[in-house]
Amino acid sequence: MIGRLADEIELAVRVKVAKRLAHFDDAPFNVITKLALDDSIDVAGPVLQHSKRLDAKTLVTAIRTKSQPHLLAISRRDSIPVAVTDELVTRGNRK
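Here the structure is a predicted model, which is why all the values come from computation and not from measurement.

(A) Expanded view of the overall build of the protein. Regarding its fold elements, the protein presents seven helices and zero strands. Scanning the protein from its N terminus toward the C terminus, one meets helices and strands in the order α-α-α-α-α-α-α. Burial status across the protein gives 40% buried among its 95 residues. Counting contacts in the protein only where the partners sit at least 6 residues apart, residues at least 24 apart contribute 58% of the total. When the accessible area of the protein is evaluated, it comes to approximately 6000 Å², of which 52% is carbon and sulfur surface. Charged side chains in the protein number 16 positive and 12 negative. The centres of these two groups are separated by 3 Å.

(B) Just helix α7 (residues 82-91), in detail. Restricting attention to buried positions, one finds in α7 the residues Val 84, Glu 87 and Leu 88. An end-on view of α7 places all buried positions within 100° of arc, on one side of the element. Away from its buried face, by an angle of more than 90 degrees, α7 presents the exposed residues Val 82, Val 89 and Thr 90. Here the buried face of α7 lies against α5 (56-65) and α6 (68-75).

(C) Main features of the pattern of salt bridges. Applying the stated rule across the entire model yields three salt bridges. A salt bridge links Arg 14 to Asp 38; the shortest N-O distance between them is 2.8 Å. Of this pair, Arg 14 sits in helix α2 (residues 11-21) while Asp 38 sits in the loop between α3 (29-36) and α4 (41-50), and the two are 24 residues apart along the sequence. For Asp 38, a relative accessible area of 13% puts it in the buried group. A salt bridge links Asp 39 to Lys 66; its shortest N-O distance comes to 2.5 Å. Of this pair, Asp 39 sits in the loop between α3 and α4 while Lys 66 is found in the loop between α5 and α6, placing the two residues 27 residues apart along the sequence. Judged by relative accessible area, Lys 66 falls into the buried class, the value being 14%.

(D) Structural view of the environment of Ala 36. Topologically, Ala 36 is positioned in helix α3. In this structure, Ala 36 is in contact with Ala 44, Val 47, Leu 48, Leu 54 and His 70, ignoring residues within four places of it in sequence.

How each quantity is defined
Residues numbered from 1 in each chain as written. Predicted model: local features only at pLDDT ≥ 70, side-chain atom pairs only at ≥ 80, totals over all residues. Heavy atoms only, no water. Helix = DSSP H or I, 4+ residues; strand = E, 2+ residues; numbered from the N terminus. Buried < 20%, exposed > 50% of the residue type's maximum accessible area, 1.4 Å probe, protein only. Contact = heavy atoms within 4.5 Å. Areas by Shrake-Rupley, 256 points an atom, 1.4 Å probe, with all protein chains shown as cover. Lys, Arg positive; Asp, Glu negative; His and termini not counted. Charge placed at Lys NZ, Arg CZ, Asp CG, Glu CD. Arc of directions from axis to C-beta. Salt bridge = Lys/Arg side-chain N within 4 Å of Asp/Glu carboxyl O.

Taken by themselves, the reported measurements are silent on function.
If you want it as structure tokens, here you go:
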């Protein structure tokens, strides 16, 4: 249900949900993934930087399909798998 709502709710609400769920280790994986792959960095940023629910595959997808600010958020994670680091180096800018 939350996953369907994430597709339909306005930006301001998605931002609030993302900020809250980014630090929640038991957040639903499908919702966290949708938020992480949101085109808005205001939504995706907190999740990309803080969520421990994201796997390397989702992070690589974000790197390959999203903006430089998305990549910067990923680069600020506490821990980054090697496969993700390789993608960041390949696609990221100097920042």
